[in-house]
Amino acid sequence: MTAGVYLHIPFCKSRCSYCDFATDVYRESGAVERYVAALCREIRQFLPQNDADDANLTGGVDLRDQRSSAAVSLLTVDTIYFGGGTPSLLSAIQVEAILQAVREQFEVVSDAEITLEMNPATVTPESLAGYLDAGVNRASFGVQTFNDRDLKLLARGHDANDARNTFKMLRGAGFSNISFDLIIGLPGQTLDDWQRNLDEALKLDPEHLSLYILEIHEATPLAEQVRSGRRPVPDEEIAAEMYEHLLDRIPTTSFEQYEISNFAKPGLASRHNTKYWRLDPVFGFGVSAHSFDGMSRYWNVRDTQEYVSAVEADKTPIAGRDILTDEKLAGERAFLGMRLTDGISVNDYERATGIDLKAKYAGELERLADAGLIELASDRLKLTRRGMLFSNEVFAVFA
Ligand code: SF4
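This one's a predicted model, so the numbers in the text were calculated from it and none came from an experiment. For every chain, the first residue of the written sequence is number 1, and numbering continues from 1 onward in sequence order. Reporting in this predicted model follows two pLDDT cut-offs: at least 70 for local features of residues, and 80 or more for side-chain atom pairs to be given and counted; totals over whole chains, interfaces and linings ignore these cut-offs and use all residues.

Chemist: Sorry, what's going on with the site of the ligand here?
Modeler: Surrounding the ligand, one finds Cys12, Arg15, Cys16, Cys19, Phe21, Thr23, Gly84, Gly85, Thr86 and Asn119. Per-class residue counts for the shell around the ligand are four nonpolar, five polar and one charged. Here is the check we use: build the C-beta atom from the backbone, and if it is within 6 Å of the molecule or strand, call the residue near. Ten residues, namely Ala, Val, Leu, Ile, Met, Phe, Trp, Tyr, Cys and Pro, are considered nonpolar, four, namely Asp, Glu, Lys and Arg, are considered charged, and the remaining ones, Gly among them, are considered polar.

Chemist: Help me understand helix 5 (residues 125-134), please; the structure alone is not making it clear to me.
Modeler: Along an α-helix, a turn takes 3.6 residues, which lines up residues three or four apart on a common side. For helix 5, the set of buried residues is Ser127, Leu128, Gly130 and Tyr131. Projected down its long axis, helix 5 carries its buried residues within an arc of 160°, all on one side. Of the residues in helix 5, the exposed ones pointing more than 90 degrees away from the buried face are Pro125, Glu126 and Asp133. C-beta atoms are placed from the backbone for every residue, and two residues are taken to be in contact when these atoms lie within 7 Å. Numbering goes from the N terminus for both helices and strands, where a helix is a DSSP run of H or I of at least four residues and a strand is a run of E of at least two. Taken together, the buried residues of helix 5 touch helix 4 (92-105), strand 5 (107-118) and helix 7 (160-173). Gly135 sits one or two positions beyond helix 5 and adopts a positive phi of about 120°. The exposure scheme places C-beta atoms from the backbone and then counts, for each residue, the other C-beta atoms within 10 Å of its own, assigning buried at 20 or more, exposed at 12 or fewer, and partly exposed in between. Along the arc lie the directions from the helix axis toward the C-beta atoms.

Chemist: Hey, could you run me through the domain arrangement of the chain in this one?
Modeler: Per the domain assignment, the segments of the chain are domain 1 (3-277) and domain 2 (326-398). Each domain's extent is set by a domain assignment, obtained either automatically or from a database. Spacing between the C-alpha centres of domain 1 and domain 2 amounts to 29 Å. Those elements that provide at least two residues to the side of domain 1 that touches domain 2 are helix 10 (236-249), strand 9 (256-259) and helix 11 (271-278). Looking at the side of domain 1 that touches domain 2 residue by residue, the class counts come to seven nonpolar, one polar and one charged.

Chemist: When you look at the environment of Tyr243 in this model, what are you seeing that I'm missing?
Modeler: Within the fold, Tyr243 resides in helix 10. C-alpha of Tyr243 to C-alpha of Ile213: the two residues are 30 residues apart in sequence and 9.0 Å apart in space.

Chemist: Looking at this structure, how should I read the sheet that holds strand 17 (residues 380-383)?
Modeler: Sheets are built from strands paired through backbone hydrogen bonds, the pairs being either parallel or antiparallel. Two strands make a pair as long as DSSP finds a minimum of two bridges between them. One open sheet accounts for three strands, arranged 15-17-16; its pairing is antiparallel. In this open sheet, the two edge strands, each paired with only one partner strand, are strand 15 (344-345) and strand 16 (374-377). Note: strand 15 against strand 17, two bridges, orientation antiparallel. Directly across from Ser345, in strand 17, lies its bridge partner Arg380.

Chemist: Any chance you could explain the pairing of strand 6 (residues 138-144) here in plain terms?
Modeler: Consecutive residues of a regular strand have side chains that alternate between opposite faces of the sheet. Along strand 6, seven of the seven residues are buried, which leaves the element largely enclosed by surrounding structure. The alternating pattern of strand 6 places Arg138, Ser140, Gly142 and Gln144 on one face and Ala139, Phe141 and Val143 on the opposite face, and all of these are buried. Across four bridges, strand 5 lies against strand 6 in parallel orientation. Counted as the bridge partner of Thr115 is Arg138 from strand 6. Pairing between strand 6 and strand 7 (residues 178-184): four bridges, direction parallel. Following the sheet pairing, Phe141 is matched in strand 7 by Phe180.

Chemist: Explain the confidence of the model for the chain to me, please; I cannot follow it from the model alone.
Modeler: Any residue range with low pLDDT should be treated as having predicted coordinates unsuitable for detailed reading. Confidence of the prediction at every residue is given by pLDDT, a number between 0 and 100. Averaged over all residues, the pLDDT of the chain equals 92, while 93% of them reach at least 70. A low-confidence stretch, residues 48-72 stays under pLDDT 50, and its non-local contacts, those more than four residues away or across chains, total 36 contacts.

Chemist: Whenever I open this one, the environment of Lys168 confuses me. Can you help?
Modeler: Within the fold, Lys168 resides in helix 7. Note: C-alpha distance between Lys168 and Ile43 (125 residues apart in sequence) is 34 Å.

Chemist: Looking at this model, I keep getting lost on unusual backbone geometry. Mind explaining?
Modeler: For residues besides glycine, phi is generally negative; the peptide bonds are generally trans as well. The peptide bond linking Gly84 to Gly85 adopts the cis configuration, its omega dihedral lying at 15°. Residue Asp205 is not a glycine yet carries a positive backbone phi of 65°. Take Asp205: it is sitting in the loop between helix 8 (191-204) and strand 8 (208-213). Of note, Ser288 is a non-glycine position whose phi angle comes to about 65°, a positive value. Inspection of the secondary structure puts Ser288 in the loop between strand 11 (282-285) and strand 12 (290-292).

Chemist: Would you mind showing me how to read the nonpolar core here?
Modeler: One broad rule of soluble globular proteins: the nonpolar side chains tend to lie buried together. Buried Ala, Val, Leu, Ile, Met, Phe, Trp, Tyr and Cys residues form a nonpolar core when they are connected through C-beta atoms within 7 Å. One finds Val5, Leu7, Leu39, Ile80, Ile98, Val102 and Phe141 to be the most contacted residues of the largest nonpolar core, which totals 76 residues. When residues of this core are assigned to their parent elements, the largest contribution, six residues, is made by helix 1 (residues 30-44). When neighbours within four sequence positions are excluded, Ile80 is seen to be in contact with Val5, Leu7, Val102, Ala112 and Ile114.

Chemist: Please explain the packing of helix 1 against helix 4 as it appears in this structure.
Modeler: A pair of packed helices is characterised by two quantities: the angle between their axes and the separation of those axes. Angles shown run from 0 to 180 degrees and are taken between the N-to-C directions of axes, each axis being a line fitted to C-alpha atoms and, for helices, limited to the stretch in contact. Two elements in contact, helix 1 and helix 4, have axes separated by 9 Å at closest approach and are oriented at 10°. Looking at the two axes, helix 1 sits roughly parallel to helix 4. Residues Val36, Leu39, Cys40, Ile43 and Arg44 of helix 1 lie in contact with helix 4, whose contacting residues are Gln94, Ala97, Ile98, Ala101, Val102, Glu104 and Gln105. Between 65 and 115 degrees an angle is taken as roughly perpendicular, under 35 as roughly parallel, over 145 as roughly antiparallel, and anywhere else as oblique.

Chemist: Would you mind showing me how to read the packing of helix 4 against helix 5 here?
Modeler: Where helix 4 meets helix 5, the closest approach of the two axes is 8 Å, and the angle between their N-to-C directions is 15°. When the axes of helix 4 and helix 5 are compared, the pair comes out roughly parallel. Crossing geometry of helix 4 relative to helix 5 is assigned as right-handed. Contact residues: Ala92, Val95, Glu96 and Leu99 in helix 4; Ser127, Gly130, Tyr131, Asp133 and Ala134 in helix 5. Crossings are assigned a handedness: left-handed for a near helix turned anticlockwise from the far helix by less than a right angle, right-handed for a clockwise turn.

Quick look at the structure:
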């Protein structure tokens, strides 16, 4: 089984009003260089054979103990994903240096999917050419919306024209695999607004669409604006209508839905994100990055300074770890797999977990099928269209 690598780049031009990710405002200073050096160092500490020779860990926990021995047999990597933050604030030279560190520590297959998240107005033709030269072959483009009023509300720091121009620049540079992130459920956003957004997104003709429903997190400026009544509370029913509108439109396009919120041209589903739904191993590096090694999940500290200081001092940046019981893993295999439109194979599931789903959950599956939320056709258990709207009700059975 091949693994994925996730690389977290925690810098943004400014902070969006709804954001609660681990991200810092980008400043032209040594902070980014120092972070990139720490990231490369953390990646290089990954290999057990390197650790064995170079284990001058001065405190904290030895990485060799933290990394599962499963890593030894999972060194082939076929997806690399730069997420953030805004990875497109890195120079091409920095991206190349990080990829070089990954290539030294993992066997990266020649046709690996290498994605870099990019935000409008953060790239130039030169930086894009440099990313391509470094091996990046997929852009995850943070459009969010083409509505300038909503972009202001979200404090995105760019307008719709920036998105259009950057998209043209991406195509001009030679990016042939571009995904749009689009957001629905904004305060005051109407179904008409969303239809216009979608029209424009489809007209630009990217290869992939990822849909997000706005979540309002405590302690963000947007949460405060909604609490104080300066913005309306987002309407969940309208958000559901927006989602259904998208599902209605997809069959009239060249996209296929392959996951609850993800749509792609044939053959261009995100290989990296599919790893999360299939429970394949993904090793994360950088501040707040999460990893799954097949048996446990572990995650790095959330504070950039703390992360950099720990790595520079040869201490582990890992902040916590959950060793998953067989029961928990089996539950995750069911509800993550069911996010995919072709669901899960009941027979494959039994081979992987020893659990006969039809027998163990007979009563629940019957109830969910009667409610029109799931269907079980021969070997495949999957969500119906209605089940995609109420997926949490289905997933609660396996959680
Ligand atoms: S660009 Fe993304 S990570 Fe950066 S502040 Fe905005 S939402 Fe957060």
